[in-house]
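What the coordinates show
What follows is the residue order along each chain.
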Amino acid sequence: MARALWSGSISFGLVNVPVALFSAVRDQDVHFRQLHRKDGAPLEVRRFCSEEDKEIPWEAVGHGFETDGGEVVVLTDAELEAIAPRRTRTIEVSSFADAADIDPILYDHPYVVLPTGESEGPLRAYRLLVDVMAATDRVALGRVVMRTKEHLAAIRVRDGVLNLTTMRFHDEVRPTTGIGSGGKKPKKQELDHAVKLIEALAEDWDPSQYSDEHRKRMLEVVKEKEKKGKVTQPEEAEVPKASDDLLEALRASMEQLKVK
Amino acid sequence: MAAAKKPRSIWNGTLTFAAVAIPVKLHTATESKTVSFREVHLDDGAPVEHRRFCSKEDKEVPKDEVVKGYETANGKFVVVEKEELDAAAGSSAHHLEVEHFVEAADIDPVFFAKTYYLGAGDGGEDAYRLLREALEKTGRAAIGRFTFHNREYLAAIRPYEDALAVHTLRFADEIVDPAKDLDVPKAGKKPDAREVKMAGQLVETLHDDFDPGDYEDEHRQVVLDAVKRKAKGEDVEAPDDAGGEDGGGDLLAALEASLTGAKG
């Protein structure tokens, strides 16, 4: 069973729900280690002082901040710890927002929030929070301190349990200035065609129909290398040329998909 | 606001669906503003270098002698060259191939990994705008795949402000299923009607329109202030602490007290 990454409580008003946080996602990537080609031995990373060309122990490493003037200010672990956010064990809900008002671009890392303990009171308080938030489609906002960082967090209901997602601060999302094109407003006919095409290619969202082809290919490469000692190079795909005539491309697509 | 620089693109390619092909550019959409430090030697402030050593020979290994190994059994590795992995990693053809369109609102945000912006490539401005408006009109997101930095991604493309956002997507088996993967305690007893009503009232009382601009990263400034103090030779100490508190045990009483507090 997965280990809790954080434990504490969620409080809203004077109601306190003891909870634990678990990551809502797991890493399924194919990982490689760095080896020495000559003898196949794994590599170790060692820290060296670049000035003295001398290996240094972990305790001798500090945190350098380069100022605009190019000066490096050094802080110790102890100093960083001293200014770390108060390690509060409470996620205080400051407000409830409409789920639809929070753009997912703000969402960072998702966690599953489960009640801790067996006693009836906290379990009922957890359930009350789930029921009420699910019924109103509201998201609870608060702050959570994990390790040395304080995050803004959104708590919502997913599949009957609470999920907490850490959020980016507003100034961590770049403006879209200059990114949306200065293209012409589409003609009605073009827009109608495009909408029909989209509907012709419409499907229900079903995450289980997508598999990680990248992961598969990495594992195939490893298998092939292990068996045959070499890897067959895949053929290079061609990139389609940009459509010159948009309306023509739309018509061709509709024909291809038999859309009227 | 200062005049915006023309944002630099990190990937140029072609988005296709059916017989339509649109030149597009990928841009960074998010950036961490957490104050970051680099490792330095405490004695002299010099930058710390990470050097690779062979664990068998106890000797530094130059970069060109490093290979990647996949561990098949404990301590047993299959060696693969970087070129072999890169070639298999996905097509280097810069192609974002849209497979179909789904209801944007149906994608649970738990699937969203990283976000980028998509802009129009040269000559693709009109078609880009058409796609953006058609997505907006239909409320749909385009689902497609593309290869970026030697890795293939599944992505959802949806309108965001006057541009398009590209969310790389997690795969279903990367999402934890609490019922299967975690120890979910047995559900508590159904709260009674009065509790539900009062909790609902409390949620309403605390309801607020969401504006991301209302929330600042307060810790960022604390860290920058500490750096400033240290640069002046002052001590870096913990800011004043406030004590924690614990809530009561009676759910109904706590709800009642909260409502009184929130209204008063």
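Our subject in this report is the structure included herewith.

Reading the values: rules and limits
- Residues numbered from 1 in each chain as written.
- Chains lettered and ligands numbered in written order.
- Predicted model: local features only at pLDDT ≥ 70, side-chain atom pairs only at ≥ 80, totals over all residues.
- Heavy atoms only, no water.
- 1 Å grid on protein atoms, 1.4 Å probe; cavity = no way out; pocket = protein on both sides within 12 Å on 5 of 7 lines; lining within 4 Å.
- Points joined across faces, edges and corners; volume = space filled by probe spheres on them.
- Helix = DSSP H or I, 4+ residues; strand = E, 2+ residues; numbered from the N terminus.
- Phe/Tyr/Trp six-rings, centres within 6.5 Å; stacked < 30°, edge-to-face > 60°.
- Lys NZ or Arg CZ within 6 Å of the ring centre and 35° of its normal.
- Contact = heavy atoms within 4.5 Å.
- Buried area = accessible area lost by both parts, 1.4 Å probe.
- Salt bridge = Lys/Arg side-chain N within 4 Å of Asp/Glu carboxyl O.
- Polar contact = N/O pair within 3.5 Å; in protein donor to acceptor, adjacent residues only side chain to side chain.
- Buried < 20%, exposed > 50% of the residue type's maximum accessible area, 1.4 Å probe, protein only.
- Axes fitted to C-alpha atoms, helices over the stretch in contact; angles between N-to-C directions.
- Left-handed = near helix turned anticlockwise from the far one by under 90°.
- Nonpolar A, V, L, I, M, F, W, Y, C, P; charged D, E, K, R; others polar.

Attention now moves to empty space enclosed by the protein. Counted under the stated rule, the structure contains two cavities of 30 Å³ or more. The calculated volume of the largest cavity comes to roughly 50 Å³. Lining the largest cavity, in full, are A:Y107, A:D108, A:P110, A:R156, A:T165, B:P109, B:V110, B:F112 and B:R170. It is strand β9 (residues 107-115) of chain A that contributes the most residues to the lining of the largest cavity, three residues altogether. Approximately 40 Å³ is the volume attributed to the second largest cavity. Contributing to the lining of the second largest cavity are A:A194, A:L246, A:L250, B:F17, B:V20, B:I22, B:A127, B:L130 and B:L131. Sorting the residues of the lining of the second largest cavity by element identifies α5 (246-256) of chain A together with β2 (20-28) and α2 (125-138) of chain B as the ones contributing at least two each.

A few words on the packing of aromatic side chains. Ring pairs (aromatic) are described by centroid distance and by the angle formed between their planes. Residues and elements named next belong to chain B. In total, this model carries 13 aromatic pairs over all chains according to the counting rule given. Here the aromatic residues W11, Y116, F146, F148 and Y153 are joined through ring pairs into a cluster of three or more. One residue, R151, lies across the ring of Y153, its end atom 5.5 Å from the ring centre.

Take the layout of surface pockets next. Volume-wise, the second largest pocket comes out at about 720 Å³. Contributing to the lining of the second largest pocket are 32 residues, with A:M146, A:T148, A:K149, A:H151 and B:T34 lying nearest its centre. Taken together, the elements giving at least two residues each to the lining of the second largest pocket come down to α1 (77-83), β9, β11 (149-158) and β12 (161-167) of chain A together with α5 (218-231) of chain B. Ranked by residue count, the leading element in the lining of the second largest pocket is α1(A), at four residues.

As a further point, take the interface of chain A and chain B. Of the residues lining the interface, 161 residues belong to chain A; the matching set on chain B comes to 176 residues. Both faces combined, the contact of chain A with chain B buries some 15,500 Å², and carbon together with sulfur accounts for 61% of it. Where chain A packs against chain B, one counts 22 salt bridges. Here A:D171 ties to B:R220 by a salt bridge, and the two come within 2.7 Å at their closest N and O atoms. Linking chain A with chain B are 64 residue pairs in polar contact (both at pLDDT 80 or more).

This part covers the side chain of A:R138. Residue placement: A:R138 occurs in strand β10 (residues 138-146). Its relative accessible area of 12% is what places A:R138 among the buried residues. Leaving out residues up to four positions away in the same chain, A:R138 has contacts with A:F96, A:A97, A:D98, A:M133, A:I155, B:V203, B:E204 and B:H207.

Further remarks concern the packing of helix α3 (residues 188-200) of chain A against α5(A). All names here are of chain A. Here α3 crosses α5 at 30°, and the two axes come no closer than 10 Å. When you trace α3 past α5, the crossing you get is left-handed. Side by side, α3 and α5 meet where Q189, E190, H193, A194, K196 and L197 of the first sit next to L246, L247, L250, R251, S253 and M254 of the second. When its residues are assigned to classes, the contact of α3 with α5 shows six nonpolar, three polar and three charged.

In short, shape yes, function no, at least from these values alone.
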